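Breakdown of the fold
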Amino acid sequence: MSLQTASTTWPGSAGRPHRAGRPRRAGRPDSATGFTLLELLVVLVIVGILLGAVALNANPGDRQLLQNEAQRIALLLQLARDEAIVRNRPIAFEADDYRYRFMLRQGEGWQPLGGDALLREREFRSAPLALTLAPAASEQRPLRIVFGKEPVDKAFTLRLALGPQAATIRADGIGNFTVE
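These notes cover the structure that comes with them. (Residues numbered from 1 in each chain as written. Predicted model: local features only at pLDDT ≥ 70, side-chain atom pairs only at ≥ 80, totals over all residues. Heavy atoms only, no water.)

1. Observations regarding the overall build of the protein
- Tallying secondary structure elements over the protein gives 2 helices and 11 strands in all.
- Scanning the protein from its N terminus toward the C terminus, one meets helices and strands in the order β-β-α-α-β-β-β-β-β-β-β-β-β.
- Relative to its 180 residues, the protein shows a buried fraction of 28%.
- Put simply, 51% of the contacts in the protein that link residues at least 6 apart link residues at least 24 apart.
- Accessible surface, the protein as shown: approximately 12,300 Å² in total, 57% of it carbon and sulfur. (Helix = DSSP H or I, 4+ residues; strand = E, 2+ residues; numbered from the N terminus. Buried < 20%, exposed > 50% of the residue type's maximum accessible area, 1.4 Å probe, protein only. Contact = heavy atoms within 4.5 Å. Areas by Shrake-Rupley, 256 points an atom, 1.4 Å probe, with all protein chains shown as cover.)

2. Section: the pairing of strand β9 (residues 156–162)
- Counting buried positions over the 7 residues of β9 gives 5, a clear majority of the element.
- As judged from the 5 bridges shared by strand β7 (residues 130–134) and β9, these two strands associate in the antiparallel manner. Within β9, the residue paired with A130 across the bridge is A161.
- Pairing between β9 and strand β10 (residues 165–171): 7 bridges, direction antiparallel. Bridge pairing in β10 links L158 to I169. (Pairing = 2+ DSSP bridges.)

3. Observations regarding unusual backbone geometry
- That bond from A127 to P128 is cis: its omega, 0°, falls within 30 degrees of zero.
- Tracing the chain through its elements places P128 in the loop between β6 (122–123) and β7.
- A positive phi angle, close to 60°, is found at N88, a residue other than glycine.
- On the secondary structure map, N88 appears in the loop between α2 (62–87) and β3 (91–95).

4. What to know about the packing of aromatic side chains
- All chains considered together, the criterion is met by 6 aromatic pairs.
- Measuring from ring centre to ring centre gives 5.1 Å for Y100 and F124, while their planes differ by 40°; the resulting arrangement is tilted. On the criterion of sequence distance, the pair formed by Y100 in strand β4 (residues 99–106) and F124 in the loop between β6 and β7 is long-range, its members being 24 residues apart.
- Through pairs of rings, three or more aromatic residues link up here, namely F93, Y100, F102 and F124. (Phe/Tyr/Trp six-rings, centres within 6.5 Å; stacked < 30°, edge-to-face > 60°.)

5. Let's talk about the side chain of S126
- When you line up the elements, S126 lands in the loop between β6 and β7.
- S126 sits in the buried class, given a relative accessible area of 13%.
- The contacts of S126, once residues within four sequence positions are left out, are L65 and L162.

6. Brief notes about the pairing of β3
- Taken across its 5 residues, β3 has 5 buried, putting it largely inside the fold.
- The alternating pattern of β3 places I91, F93 and A95 on one face and A92 and E94 on the opposite face, and all of these are buried.
- Note that β3 and β4 share 5 bridges and pair antiparallel. Bridging across to β4, E94 finds its partner in R101.
- The hairpin turn running from β3 into β4, its antiparallel successor, is 3 residues long.
- When β3 meets strand β8 (residues 143–147), the two strands line up antiparallel, connected through 5 bridges.

7. A closer look at the side chain of D116
- On the secondary structure map, D116 appears in the loop between β5 (109–112) and β6.
- No salt bridge is formed by the buried D116, whose closest oppositely charged neighbour, R87, lies at an N-O distance of 4.4 Å.
- Separated by 3.0 Å, the side chain of D116 and the backbone nitrogen of L118 make a polar contact.
- A polar contact of 3.2 Å, which involves the side chain of D116, links it to the backbone nitrogen of L119. (Lys, Arg positive; Asp, Glu negative; His and termini not counted. Salt bridge = Lys/Arg side-chain N within 4 Å of Asp/Glu carboxyl O. Polar contact = N/O pair within 3.5 Å; in protein donor to acceptor, adjacent residues only side chain to side chain.)

Distances and angles like these do not, on their own, reveal function.
Okay, structure coming up:
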């Protein structure tokens, strides 16, 4: 007993047998494989878009650097505010054009906050920055923002500028910090 595969010859198939169970695609011979030009162009466009996005993130401009710095400072200010409430002692944010740090009230003076990995002294990534505080407590430098023991502080706006680019941190006095 032998098993044979059925094959038939279709009109216009030039004598090639049609394999049973597999439908033929109209207008395309069985041996044609690969990608169409349109499929290749779509892939190239997608790759180009992805490379452009990576290039923009790899080389951020002044605006992006300033925005990132403002986001970082806003988060650290929120942490310092919460820390002042938990410790039941005032904590200050102190900054000049090149660096910023957090200070803890010790008796009558301020001491750098030591032993804290997050609230340590840092340099601005793109310095010098022009910093302005509104409402301004005074014109003294370094600029200082004090967070007290109470959960409600004064609202303020801290503006960071690098040439024509600027970012603003707004504090509403009840613990919300937003970056614009």
